[in-house]
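Descriptive structure summary
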Amino acid sequence: MDIDLLNPDPKEERTRHKLKRMIQSPNSFFMDVKCPGCLQITTVYSHAQTVVLCGNCNQMLCQPTGGLARLTEGCSFRKKVE
């Protein structure tokens, strides 16, 4: 089986461990989360280790898990662009 080492498949490269990729890159990111109650946008880390509350209405936006933070139902998000 021939594998092109210089041009890896992007789909396969995404599934690799972050340190085993051709160009090392983190799995974490920052995201803008919109509160379903007051529609205020809050910046949240994808692997947040504490509960994140809305600054306006104190509604819970996400809760920590072992890895990625779980967004509350009704919250929408988008990845921050560097």
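Above: the structure in question.
These notes cover the structure that comes with them. Predicted model, so just to flag it, every value in this text is computed and none were measured.

1. A few points about the overall build of the protein chain
Summing up its helical and strand segments, the protein chain has 1 helix and 6 strands in all. Beginning at the N terminus, the succession of helices and strands in the protein chain can be written as α-β-β-β-β-β-β. A compact globule built from 82 residues would reach a C-alpha radius of gyration of about 12 Å, whereas the protein chain, at 17 Å, exceeds it by more than 25%. Taken over the C-alpha atoms alone, the protein chain extends approximately 55 × 25 × 20 Å along its principal axes. A separation of at least 24 residues holds for 24% of the contacts in the protein chain among residues at least 6 apart in sequence. On the protein chain, the mean spot of the 11 positive side-chain charges and the mean spot of the 8 negative ones are 9 Å from each other.

2. What about the side chain of Glu 13?
Mapping Glu 13 onto the fold places it in helix α1 (residues 10-15). When its relative accessible area of 13% is taken as the criterion, Glu 13 is described as buried. Apart from residues lying up to four places away in sequence, Glu 13 is in contact with Pro 8, Arg 21, Met 22 and Ile 23.

3. Focus on the sheet that holds strand β2 (residues 41-45)
Read across the sheet, 3 strands follow the order β2-β1-β6 without closing on themselves; strand pairing throughout is antiparallel. Both outer strands of the open sheet, β2 and β6 (76-79), are each paired with one neighbouring strand and no more. Across the sheet, the mean angle separating the axes of adjacent strands is 30° when strand polarity is ignored. Pairing of strand β1 (residues 30-34) with β6 involves 4 bridges; the strand directions are antiparallel. Paired with Lys 34 across the bridge in β6 is Ser 76.

4. Side note on the pairing of strand β4 (residues 60-63)
The sheet contact formed by strand β3 (residues 52-53) and β4 spans 2 bridges and is antiparallel. Pairing of Leu 53 across the sheet is with Met 60, part of β4. Counting the residues that bridge the hairpin from β3 to β4 gives 6 residues, and of these Asn 58 lies at a positive phi of roughly 55°. Relative to strand β5 (residues 70-71), β4 runs antiparallel, the two being bridged by 2 bridges. Directly across from Gln 63, in β5, lies its bridge partner Arg 70. Counting the residues in the hairpin turn of β4 and β5 gives 6 residues.

5. So, the nonpolar core
If you look at the biggest cluster of nonpolar residues, it comprises 11 residues: Met 31, Val 33, Cys 35, Val 44, Ala 48, Val 52, Cys 54, Leu 61, Cys 62, Ala 69 and Cys 75. Where this core is concerned, the elements lending two or more residues are β1 and β4. Residue contacts for Met 31: discarding those within four places in its chain leaves Thr 42, Thr 43, Val 44, Tyr 45, Ser 46, Leu 71, Phe 77, Arg 78, Lys 79 and Lys 80.

Scoring rules and cut-offs
Residues numbered from 1 in each chain as written. Predicted model: local features only at pLDDT ≥ 70, side-chain atom pairs only at ≥ 80, totals over all residues. Heavy atoms only, no water. Helix = DSSP H or I, 4+ residues; strand = E, 2+ residues; numbered from the N terminus. Rg over C-alpha atoms; globule rule 2.2 N^0.38 Å. Contact = heavy atoms within 4.5 Å. Lys, Arg positive; Asp, Glu negative; His and termini not counted. Charge placed at Lys NZ, Arg CZ, Asp CG, Glu CD. Buried < 20%, exposed > 50% of the residue type's maximum accessible area, 1.4 Å probe, protein only. Pairing = 2+ DSSP bridges. Axes fitted to C-alpha atoms, helices over the stretch in contact; angles between N-to-C directions. Core = buried A, V, L, I, M, F, W, Y, C linked by side-chain atoms within 4.5 Å.

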